[in-house]
Structures are given as structure tokens and as C-alpha cells.
Amino acid sequence: MADHQAAVRQESAAAEVGEFLRRRREQIAQRWADEALFRTVFTVSRDEAVEAGRSVVEALAAVAAAGRVEDLGAGGFATVRDQLGRMSASRARTGATSAQIADEVAALRPAVSELLSADLADGSRERAEACAVTLTALLGTLRLVVLETTLSAGQELIDRQRLQLLEVATPVIKLWTGVVAVPLIGTLDSARSQVVMESLLDAVVAQQARFAILDITGVPTVDSLVAQHLMKTVAAARLMGAECIVSGIRPAIAQTIVHLGIDLGEVVTRASLADALAYALNRQGIAIVDQDRTGPSAR
């Protein structure tokens, strides 16, 4: 019975807080526009900050009216995630830490609490305390939602930057008409191998390349996983109509491949990028003349 009465009081307090937020939406938005979270993002127009505050207050009112003040998945928080998520992401780009953003969200509470206390000054103490607890829980959940959104946005930014670094670190170079090359440097893992394959296949199509060279001179070690990635890339290039050549196989790497029992099958291999280019050119009927010798050299 006591639990039921407590639940009824909590539901009543949530509904009252929701009504309060709708009624005081304009005053809250005006006060929030001067807080750091809004002020530092909407620096061009204060009206824009006020409008953003209104949308957040409306969302919180909807959450309170639904009685879900402690539910991170409440539908009303979708607007909060969109509005405050973009704001916190903007703050993060300026160097603000997650802790600073959390403090800025927490700083929104006093302005709302003061207005709520003023509205309930003539009511019972029990009613005022119940509404204050509900408001505190609602704004605490808001803080968690903003932190969750900030961390998610930060991870997405890290992932995008990582992908961009992979693409920059894996350039596809046009060496000759119909010949492209990818000079690989560093460790070749699954994520980078996928970028290599996609970049190489795009270049094969764009350049109408007949030959694609994978130069592994800068790859420190070759194990069975690296060899598997290379084989997949070779097979994919072959399906696109290009012959793939693996170059840069140093003596140590050659011994490793033999010891691991890795079968490169019909893959054409050459010791250096120059040898691979010479092979591709010769296959196209282009003679390479060594000025230190007489006559063409065929590698």
C-alpha cells in the first residue's frame, strides 16, 4: 500500500513538473541562454540560444509528463540528444572535456530550481519536496544523456579520423598508363587491408589499369594474416580485370613465407617496385632501355 502511494505521489510530481516546464518555458530558455553551454555555442545570436533552450525545455516537459524522468530511452530525449548533442560536440571541438560539459549541463539546474521553488512557495512542503526531487532526477538524467551523446559523437569523430588517416596512409599512385601501385608502409591489419582493397579497386576502374602493384617494402613483417589479406586483394583485382603484382619481398620476408608454408599460388612477385614496373611495362610491349647498357633490358 505504501509503495503504491509513493508511486502515485511520484507520478503526480512528475506531471506537475512537466506542467511547470511548459508554463515556464520562456523564462527558463531566457536564463539558459546566458549559461556557458548555450552562450559559448550560440555566439552570433542570443535569440538562437533562446530558441535552442525552448526546444530542450519542451523535450524535458514531455519526458516528465510521461513519468519517465529517470529513463535514458524516453522518447522526449530524442530532441535533447539532437540539440544538446550538437552543442556538446561543438564544445568538445573547442577543447572542452567531458567533465567540463557535464558541469555546464549541471549548471542549468539552479535557474530551473529557483523558478520551481517560487511557483510552489504557497503550497505544501511535501509537494514542493516531491517536485524538487523529481526535477533533480530529470536534470540528472539529462546530464547522463548529454554525456552519452558527447562520448558517442567523440567516438564517431575518432573513427572518421582513423579512416581518413588510413586512406592518407594508403595512397594509390599511377606509375604509367594502365599501371597503378600501392606502396604499403607499416602494419597491415584487417581494417587497413579493407581500405587498401577498396582504394586499389577504385583506382583500377578510374585508371582502367591492366596492372596493379602491391609494394610491401615498408611492411615490417609478413605473417599468415598479412598473406591472406594480400591474396584477397590480388583476387579482387583479378576479378576487375587487372593483374596484381606483389613487390618488395625482401630475403627475410621470403624466408618467413617459406617457413610459414604460405602458398602465393599464381601471384606474380618481384623483389622491388622497379622490377614490378618493368614487368608490367614489358607485358604491355614497352621496352625499357638501360642507359648504362646497350639495348633494351627485360626483367
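Whatever comes next refers back to the structure up there.
Quick notes on the rules
- Residues numbered from 1 in each chain as written.
- Predicted model: local features only at pLDDT ≥ 70, side-chain atom pairs only at ≥ 80, totals over all residues.
- Heavy atoms only, no water.
- Core = buried A, V, L, I, M, F, W, Y, C linked by side-chain atoms within 4.5 Å.
- Buried < 20%, exposed > 50% of the residue type's maximum accessible area, 1.4 Å probe, protein only.
- Helix = DSSP H or I, 4+ residues; strand = E, 2+ residues; numbered from the N terminus.
- Contact = heavy atoms within 4.5 Å.
- Polar contact = N/O pair within 3.5 Å; in protein donor to acceptor, adjacent residues only side chain to side chain.
- Salt bridge = Lys/Arg side-chain N within 4 Å of Asp/Glu carboxyl O.
- Phe/Tyr/Trp six-rings, centres within 6.5 Å; stacked < 30°, edge-to-face > 60°.
- Pairing = 2+ DSSP bridges.
- Right-handed = clockwise from strand over helix to strand, strands pointing away.
- Axes fitted to C-alpha atoms, helices over the stretch in contact; angles between N-to-C directions.

**Student:** Would you mind going over the nonpolar core in detail, with residue names and values included?
**Tutor:** Membership of the largest hydrophobic core comes to 45 residues, with the highest contact counts inside it found for L21, W32, F38, L60, L84 and L138. Elements supplying a minimum of two residues to this core: α1 (2-23), α2 (25-32), α3 (36-39), α4 (46-65), α5 (77-93), α6 (98-106), α7 (109-119) and α8 (125-168). A per-element tally of this core places α4 first, with 10 residues. Look past the residues within four positions of L21 in its chain and what remains in contact with it is I28, V57, L60, A61, V112 and L138.

**Student:** Run through the side chain of T141, naming residues and quoting values.
**Tutor:** Tracing the backbone through its elements, the reader meets T141 in helix α8. A relative accessible area of 5% means that T141 is categorised as buried. A polar contact of 2.6 Å, which involves the side chain of T141, links it to the backbone oxygen of V69. In contact with T141, not counting residues within four places along its chain, are V69, E70, D71, L72 and F77.

**Student:** Lay out the pattern of salt bridges with the relevant residues and their values.
**Tutor:** If charged atoms from side chains of opposite charge come close, those side chains can pair. Throughout the structure, instances matching the rule amount to 12 salt bridges. As a salt-bridge pair, R31 and E114 come within 3.1 Å of each other at their nearest N and O atoms. One end of the pair, R31, is in helix α2; the other, E114, is in helix α7, and 83 residues separate them in sequence. Residue classification places R31 among the partly exposed residues on the basis of a relative accessible area of 34%. Beyond isolated ion pairs, a larger network of salt bridges with shared partners links R23, R24 and D119.

**Student:** Help me get a handle on the packing of aromatic side chains, residues and values and all.
**Tutor:** Aromatic rings in a pair are described by how distant their centres are and how their planes are angled relative to each other. Counted by the stated rule, this structure contains one aromatic pair. Arranged with centres 6.1 Å apart and planes meeting at 25°, the rings of W32 and F38 form a pair that is stacked. Taken as a pair, W32 and F38 share a single burial class, namely buried.

**Student:** Break down the pairing of strand β3 (residues 211-218) for me, with residues and values.
**Tutor:** With six of eight residues buried, β3 is to be regarded as a mostly interior element. Of the strand pairs in this sheet, β3 and strand β4 (residues 243-247) are connected by five bridges, and their pairing is parallel. By the bridge assignment, L214 is partnered in β4 with V246. Once you follow β3 into helix α10 (residues 224-239) and on to β4, the crossover reads as right-handed.

**Student:** Lay out the pairing of strand β2 (residues 179-185) in plain terms, naming residues and giving numbers.
**Tutor:** Of all seven residues making up β2, five are buried, and the element is well covered by its neighbours. Pairing of strand β1 (residues 173-176) with β2 involves three bridges; the strand directions are antiparallel. If you follow K174 over to β2, its bridge partner there is V180.

**Student:** Account for the environment of C244, naming residues and giving values.
**Tutor:** Structurally, C244 is set in strand β4. Placed 34 residues apart in sequence, C244 and R210 show a C-alpha to C-alpha distance of 8.7 Å. Leaving out residues up to four positions away in the same chain, C244 has contacts with A212, L214, V234, A237, V267 and V268.

**Student:** Lay out the environment of R24 in plain terms, naming residues and giving numbers.
**Tutor:** Among the structural elements, R24 can be located in the loop between α1 and α2. The spatial distance from the C-alpha of R24 to the C-alpha of V57 is 8.9 Å, given a sequence separation of 33 residues. With near-sequence residues (within four places) excluded, R24 lies in contact with L115 and D119. Polar side-chain contacts of R24 include one of 2.7 Å to the side chain of D119.

**Student:** How would you explain the side chain of T233 if you had to name every residue and give the values?
**Tutor:** Locating T233 in the fold gives a position in helix α10. What makes T233 buried here is its relative accessible area of 4%. In this structure the side chain of T233 is engaged in a polar contact, spanning 3.0 Å, whose partner is the backbone oxygen of H229. Ignoring sequence-local partners within four residues, the contact set of T233 consists of M197, L200 and L214.

**Student:** Describe the sheet that holds β1, listing the residues and the values that go with them.
**Tutor:** Read across the open sheet, the five strands follow the order β1-β2-β3-β4-β5; overall the sheet is mixed. What marks the edges here is a single partner per strand, and that holds for β1 and β5 (268-270). Averaged over all adjacent pairs, the angle separating strand axes in this sheet is 30°, with direction ignored. The pairing of β2 with β3 spans six bridges and is parallel. What sits directly across from V182, in β3, is L214. Strands β1, β2 and β3 of the sheet are contacted by helix α9 (residues 190-207), whose axis makes an angle of about 165° with β2. On the sheet, α10 packs against β2, β3 and β4 and is oriented at approximately 165° with respect to β3.

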